[in-house]
Amino acid sequence: MSDTAATAPRVPDSEIPQTTIKVAMETSWWARLHPIGWLAGSVIVIAVVVRLLATTEYWIGNLAWWNWLVLAGALAMGFWHDGLDRVRRSLESIATVSRTIAWILAWVVFLLQLFNVITRYSNDLVEADILFGETASLAWQSFGLMFLLAVNFGVRDGVNPRIDFWWANFSDKRKAWLDFVIHAGLLLPFIVMAVRILKSYAATSLGRRHNGEWPSGWRVWESWEQAVDAGGLPVGPIKVMILVAFVLFGLQIIAELIKTGFVIIGDNKRGNIVELDSPLRVE
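This one's a predicted model, so the numbers in the text were calculated from it and none came from an experiment.

Engineer: Please explain the environment of Ala-76 as it appears in this structure.
Structural biologist: Here Ala-76 is to be found in helix α5 (residues 65–77). C-alpha separation for the pair Ala-76 and Ile-36, spaced 40 residues apart in sequence, amounts to 9.8 Å.

So, in structure tokens, the structure goes:
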């Protein structure tokens, strides 16, 4: 080492360019960690503390082995932004399929109800009160299924009502923080609770007895609850779709957490921000 380099004066911290300090902070591990990683890490810490210091029947204190794997994976994925973005795109592609099915079901409902209206006035010609009672049951089940499958699409495309005259004045980062905190603190725990409750409800709807046993034989649909309509169809499958709808809802909320998390750390491109010419109307 030369004498000039050895005797060079040390630059005071106050004279270091602020841009250099900013770049160093942005490249640190805690700045690169996606907020969903912070969320997973916080849940891990809380679960460990509750498990060691308290005895409870709540889920947070009795995580299954695969719950720990999912949380650890989410924490690790917090550093792999490309991987998180791929997960987000995959989850949102499910909403695209749901939208397509919902549009098809909308036409199915229209045709069934049109048939019901026509036959209501033509039944006198065949001397029958009801020509095909199953169509009325199929119509309302198709209508319910349309909404159950379209929940994730509604969340993805933001068709849910907002107070837009207030919301539109927020910056993108403030909107992202608000959505992330509410989704992670309120909506996601509610969905987890609903899925845990609906698992038993769905199994009972498909014929499982209260003692946990399933009907013998393979003709399990014969034990399903029947609709009260004349010629009503079994309602077991549509009740199971309530559980499926909450699962789809939860997957889309995870996609929203990933998107808003990218906006929080300044990655608006992966955050998929769409600039609107005017705010959405108040509904």
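Engineer: Help me understand a nonpolar patch on the surface in this model?
Structural biologist: Nonpolar side chains collect at one region of the surface, where Trp-103, Trp-107, Phe-110, Leu-111, Leu-114 and Ile-118 lie side by side and expose about 710 Å² of accessible area between them. Residue placement: Leu-114 occurs in helix α6 (residues 81–122). With relative accessibility at 39%, the residue Leu-114 sits in the partly exposed group.

Engineer: Help me understand helix α10 (residues 172–205), please; the structure alone is not making it clear to me.
Structural biologist: Along an α-helix, residues three or four positions apart point the same way, because every turn accommodates 3.6 residues. At His-183, α10 shows its maximal kink, close to 40°. Two residues or fewer after α10 comes Gly-207, characterised by a positive phi angle close to 115°.

Engineer: Is there a simple way to think about the pattern of salt bridges in this case?
Structural biologist: Think of it this way: side chains of opposite charge can pair up when their charged atoms draw near. Counted under the stated rule, the structure contains eight salt bridges. Across the pair Arg-270 and Asp-82 runs a salt bridge, and its minimum N-O distance is 2.2 Å. Here the residue Arg-270 occupies a position in the segment after α11 (236–264), and Asp-82 occupies one in helix α6, the gap between them amounting to 188 residues. According to the relative accessible area criterion, Asp-82 is partly exposed, its value standing at 37%. A salt bridge links Asp-157 to Arg-156; its shortest N-O distance comes to 2.8 Å. Three or more residues joined by partner-sharing salt bridges are found here, namely Asp-85, Arg-88, Arg-89, Glu-92, Glu-256 and Lys-259.

Quick notes on the rules
Residues numbered from 1 in each chain as written. Predicted model: local features only at pLDDT ≥ 70, side-chain atom pairs only at ≥ 80, totals over all residues. Heavy atoms only, no water. Helix = DSSP H or I, 4+ residues; strand = E, 2+ residues; numbered from the N terminus. Patch = residues over 30% accessible without salt bridge, like charges linked within 9 Å, V, L, I, M, F, W, Y side chains within 5 Å. Areas by Shrake-Rupley, 256 points an atom, 1.4 Å probe, with all protein chains shown as cover. Salt bridge = Lys/Arg side-chain N within 4 Å of Asp/Glu carboxyl O. Buried < 20%, exposed > 50% of the residue type's maximum accessible area, 1.4 Å probe, protein only. Bend = angle between axes of the 7 residues up to and from the residue.

These values are about where atoms sit, not about what they do.
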